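Secondary and tertiary structure notes
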Amino acid sequence: MSGSSAESPTTVEVTLVKAGRVKIRYPAEVVADDGNQVTVRAPWAADGVRDFGFVRFEPGDVFTEHYWRDRWYSVKEVRTSDGVLKGWYCDVTRPAVRDGAALVVEDLDLDLWCSADGATIVRLDEDEFAESGLAEQDPEAAAAAVWALDVLEDLARAGSLPRYEDSAGASR
């Protein structure tokens, strides 16, 4: 699908697949789709609070999620219900696939967190990735995943993770 807003649904069902199984599925509002990058917005989709120690995701949080059809990662800008930026949760994934009202991404275990002020940047789940067997099963995908995590860390350190701006130019 070309991705122009005139022919695409205004909502999608985001499906995150991990190790061949659906990890989570949730509805999201499409805020932009230029044919390569799809940006959606959705409330925190899991039940209850998830406390990582360095950030808490909780009901009311709003995720503006950036997916690419040609990149091995996605970036989720996380804000409180009143719009205060918490930071960015980045997933290493295969490139996103959008087919009409379905947006599917395959999680490759590696993640990165960057706090709103950029002071806390944490690489996550490298042990899960090592144990996943991807390096043996699909060495090219494993190499792309490791490269993508490095790219995400470089973007975070440079203060270059995507920020969604609404049509009036205000950061949301």
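Let me sum up the structure you'll find in this document.

1. Points about the nonpolar core
- Counting residues in hydrophobic clusters, the biggest one holds 23 residues, and the most contacted among them are V75, V92, L152 and L161.
- Of all the elements in the fold, those that place two or more residues in this core are strand 7 (73-79), strand 8 (85-93), strand 10 (102-115) and helix 3 (139-157).
- Sorting elements by how many residues they give to this core places helix 3 first, with 8 residues.
- Filtering out sequence-adjacent residues up to four positions away, V75 remains in contact with T64, E65, H66, W68, W88, Y89, C90, L152, L161 and P162.

2. A look at the packing of aromatic side chains
- As enumerated under the stated definition, the model contains 10 aromatic pairs in all.
- Relative to F54, the ring of F52 has its centre 5.7 Å away and its plane inclined at 25°; by these criteria the two rings are stacked.

3. Considering the layout of surface pockets
- Empty space within the largest pocket amounts to approximately 500 Å³.
- Lining the largest pocket we find 28 residues, and of these L16, K23, W44, R50 and Y89 sit closest to its centre.
- Secondary structure elements with two or more residues in the lining of the largest pocket: strand 1 (11-18), strand 2 (21-33), strand 3 (37-43), strand 6 (62-68), strand 8 and strand 10.
- Among the elements that take part in the lining of the largest pocket, strand 10 stands out by supplying 4 residues, more than any other.
- Of all the elements in the fold, those that place two or more residues in the lining of the second largest pocket are strand 10 and helix 2 (134-137).
- For the lining of the second largest pocket, the element with the highest residue contribution is strand 10, accounting for 4 residues.
- Looking at the lining of the second largest pocket residue by residue, the class counts come to 4 nonpolar, 2 polar and 5 charged.

4. What about helix 3?
- Here helix 3 spans 27 Å end to end across 19 residues, near enough to the 27 Å set by a 1.5 Å rise per residue.
- Listed as buried for helix 3 are A141, A142, A144, A145, A148, L149, V151, L152, E153 and A156.
- Along its buried surface, helix 3 packs onto strand 7, strand 8, strand 10, strand 11 (121-124), helix 1 (126-131) and helix 2.
- Looking one or two places after helix 3, you find G159, whose phi comes out positive at around 70°.

Rules used throughout
- Residues numbered from 1 in each chain as written.
- Predicted model: local features only at pLDDT ≥ 70, side-chain atom pairs only at ≥ 80, totals over all residues.
- Heavy atoms only, no water.
- Core = buried A, V, L, I, M, F, W, Y, C linked by side-chain atoms within 4.5 Å.
- Buried < 20%, exposed > 50% of the residue type's maximum accessible area, 1.4 Å probe, protein only.
- Helix = DSSP H or I, 4+ residues; strand = E, 2+ residues; numbered from the N terminus.
- Contact = heavy atoms within 4.5 Å.
- Phe/Tyr/Trp six-rings, centres within 6.5 Å; stacked < 30°, edge-to-face > 60°.
- 1 Å grid on protein atoms, 1.4 Å probe; cavity = no way out; pocket = protein on both sides within 12 Å on 5 of 7 lines; lining within 4 Å.
- Points joined across faces, edges and corners; volume = space filled by probe spheres on them.
- Nonpolar A, V, L, I, M, F, W, Y, C, P; charged D, E, K, R; others polar.
- Expected span 1.5 Å × (residues − 1).

So, to be careful, I would describe these as geometric facts and stop short of saying anything about function.
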